[in-house]
Each structure stands twice: as C-alpha cells, then as structure tokens.
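Secondary and tertiary structure notes
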Amino acid sequence: LTQIERGEPIKDTARVLSRYCDVLAIRTFKQSTIEEYARWASIPVINALTDLEHPCQSLADFFTIREEFGSFDNIVLTFIGDGNNVANSLIIFSAIFGVKIRILCPKGFEPSPAILTRARDIRKNFDLIVTDDFNIALKDANVLYTDVWSSMGQEKEKANKDNIFKGFTVDENIIRKIADNAIIMHCLPAYRGKEITDEVIECANSKIFNQAENRLHAQQALLYFLLN
C-alpha cells in the first residue's frame, strides 16, 4: 500500500520502495508517471503497462511468434483494431526484430506518431503500413493480432468506439483471407463476439492461450535478466 493517493510525490515513493524491493513493476496510465518512477528509483523499473506502451505483452507476443515459426524471417504481422498501447509496442518490437507490420484501424485511431517515428529511427527502411484498407493489411499476413477496442480508462468512449469499429471484428471471413498456416493472437481478456468471434478464438490457428502462458515465461526471463 503506497501513499500516492494521499498526495505523496512519486519521487518519495520511488526512493522508499527502492530500499524495500529489487525491482519495481509499474502498471499505470500516463507514460510520464512511469518515467518519473524510473528517474527517482535506484532499482530497475518495469513498464507493466501505460496508455502509450505495453512492452511486457510484446515480449510474450514475439516469444510466441518465434516459438511458432522458428524465426522472424518473412513474418508479416497484421494488427486489427485501435492504435493503442499494444499496437504501439508491437510496432517497436517489429522494428527491433525486422518483422513486417500492418496496422489496420479506422481513420482517426492510428498509433502514436511518436511511436512511428521511433520505430523508423530503430530500423532503416522499416516495412510498416498503417491503413484502413483490409486488402492491403491482410496481404501475406501470417500473424493476425487483435485487442479490445476500448482499453482501461476509456469506458466513456466505449459505446462510440463500438459503433466506429463495426466491421473490424476478426471473424471467419477475415480468416479466409490469410495464409492457411497463419496464427491468431489476442492479448486477453477478450470480448468474444466483438473484436474477435468465439469461433476464431477456438479455431486450430488460434495460439491465444499459448500466448497467455508465455506471459509467465517472458516475465520470468525479464526478471532473471534484470537480477543477474
């Protein structure tokens, strides 16, 4: 239990917790909050989730992709949905590992421009497409990924976004447009029947529960790396 709610500044909390813990994992909203923790803490600070990024999820995601295909060579990752923190981190990891990525979203819901710039700084000639055209986004896709349309803290936007995102549900019609050996991913929890259908979650191509298990392994590896 911290004293943040009663007004203790982050710089005090970070320094106190640094004397109690070996690592801090922070799950928050503003990216600036976790950056403030990292500035004042004397121990590693893990971004467990912010509005901008979800890197721990992407660690597990790319572990899953490597597990399924053996390498990242010739992988085309298509993300369907809101250009949210998950999409942002998938873009950064794709740039790091040389994966081609397509972000399929309605106009006005694109990923952060700062993230796009950073990704292109990481890798020259980075193969990244942001589009609302299904044919472009699904061409040659062998990883199909989706997430909820309204993230935590966006409850007031939910009804409006549900209306805007109609037609972006990952269903059997979309699955028919991708390779037979393509895998389906979702970071869970899912709204079955909204961003993804029940049939797709349960289909043979779905690796969603492998992906969920890999969160455990990826985060264990991250802690091992930081503590050794």
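See the structure shown above.
Model, not experiment: these values are computed from the prediction.

Points about the overall build of the protein chain
- Along the backbone of the protein chain there are ten helices and seven strands.
- Referenced to the eigenvectors of the C-alpha coordinate spread, the extents of the protein chain come out at roughly 55 × 40 × 35 Å.
- Counting over 228 residues, the protein chain shows a buried share of 48%.
- For the protein chain, the share of sequence-separated contacts (at least 6 apart) that also reach a separation of at least 24 residues comes to 68%.
- Total accessible area computed for the protein chain in this model is approximately 12,100 Å², and 51% of it derives from carbon and sulfur atoms.
- Looking at the protein chain, you have 26 positive and 31 negative side-chain charges, and the mean spots of the two groups are 5 Å apart.

Structural notes on the packing of helix 3 (residues 55-69) against helix 4 (residues 85-97)
- Taken N-terminus to C-terminus, the directions of helix 3 and helix 4 make an angle of 50°; their axes are 9 Å apart at the nearest point. Relative to helix 4, helix 3 is oriented oblique. Once helix 3 is placed against helix 4, the crossing between them reads as right-handed. Where helix 3 approaches helix 4, its residues Pro-55, Ser-58, Leu-59, Asp-61 and Phe-62 are matched on the opposing element by Val-86, Ser-89, Leu-90, Phe-93, Ser-94 and Phe-97.
- Residue composition of the contact of helix 3 with helix 4, grouped by class: seven nonpolar, three polar and one charged.

So, the pattern of salt bridges
- For the structure on display, the rule yields ten salt bridges.
- The shortest N-O distance in the salt bridge between Arg-102 and Asp-127 comes to 2.7 Å. You can see Arg-102 sitting in strand 4 (residues 100-104) and its partner Asp-127 sitting in the loop between helix 5 (113-122) and strand 5 (128-131), a full 25 residues away along the chain.
- For the salt bridge of Asp-162 with Lys-158, the shortest nitrogen-to-oxygen distance reads 3.7 Å. Residue Asp-162 and its partner Lys-158 are both found in helix 7 (residues 158-164); the two are separated by four residues, about one turn of the helix.

Re the pairing of strand 3 (residues 76-80)
- Most of strand 3 sits out of view: five of its five residues are buried.
- Along strand 3, one buried face is formed by Val-76, Thr-78 and Ile-80 and the opposite face, lined by Leu-77 and Phe-79, is buried too.
- By the bridge criterion, five bridges tie strand 3 to strand 4 in an arrangement that is parallel. Bridge pairing in strand 4 links Ile-80 to Leu-104.
- Taking the sense of rotation as the criterion, the β-α-β connection linking strand 3, helix 4 and strand 4 turns out right-handed.

Quick word on the packing of aromatic side chains
- Applying the stated rule across the entire model yields ten aromatic pairs.
- Taking 5.7 Å as the distance between ring centres and 40° as the angle between the ring planes, the aromatic pair formed by Phe-79 and Tyr-145 counts as tilted. Here the residue Phe-79 occupies a position in strand 3, and Tyr-145 occupies one in strand 6 (residues 143-146), the gap between them amounting to 66 residues.
- On the accessibility criterion, Phe-79 (0% relative accessible area) is buried.
- Overall, the relative accessible area of 1% leaves Tyr-145 in the buried class.
- Measuring from centroid to centroid gives 6.0 Å for Phe-165 and Phe-168, while their planes differ by 65°, and the two rings are edge-to-face.

Rules behind the numbers
Residues numbered from 1 in each chain as written. Predicted model: local features only at pLDDT ≥ 70, side-chain atom pairs only at ≥ 80, totals over all residues. Heavy atoms only, no water. Helix = DSSP H or I, 4+ residues; strand = E, 2+ residues; numbered from the N terminus. Buried < 20%, exposed > 50% of the residue type's maximum accessible area, 1.4 Å probe, protein only. Contact = heavy atoms within 4.5 Å. Areas by Shrake-Rupley, 256 points an atom, 1.4 Å probe, with all protein chains shown as cover. Lys, Arg positive; Asp, Glu negative; His and termini not counted. Charge placed at Lys NZ, Arg CZ, Asp CG, Glu CD. Axes fitted to C-alpha atoms, helices over the stretch in contact; angles between N-to-C directions. Parallel < 35°, antiparallel > 145°, perpendicular 65-115°, else oblique. Left-handed = near helix turned anticlockwise from the far one by under 90°. Nonpolar A, V, L, I, M, F, W, Y, C, P; charged D, E, K, R; others polar. Salt bridge = Lys/Arg side-chain N within 4 Å of Asp/Glu carboxyl O. Pairing = 2+ DSSP bridges. Right-handed = clockwise from strand over helix to strand, strands pointing away. Phe/Tyr/Trp six-rings, centres within 6.5 Å; stacked < 30°, edge-to-face > 60°.

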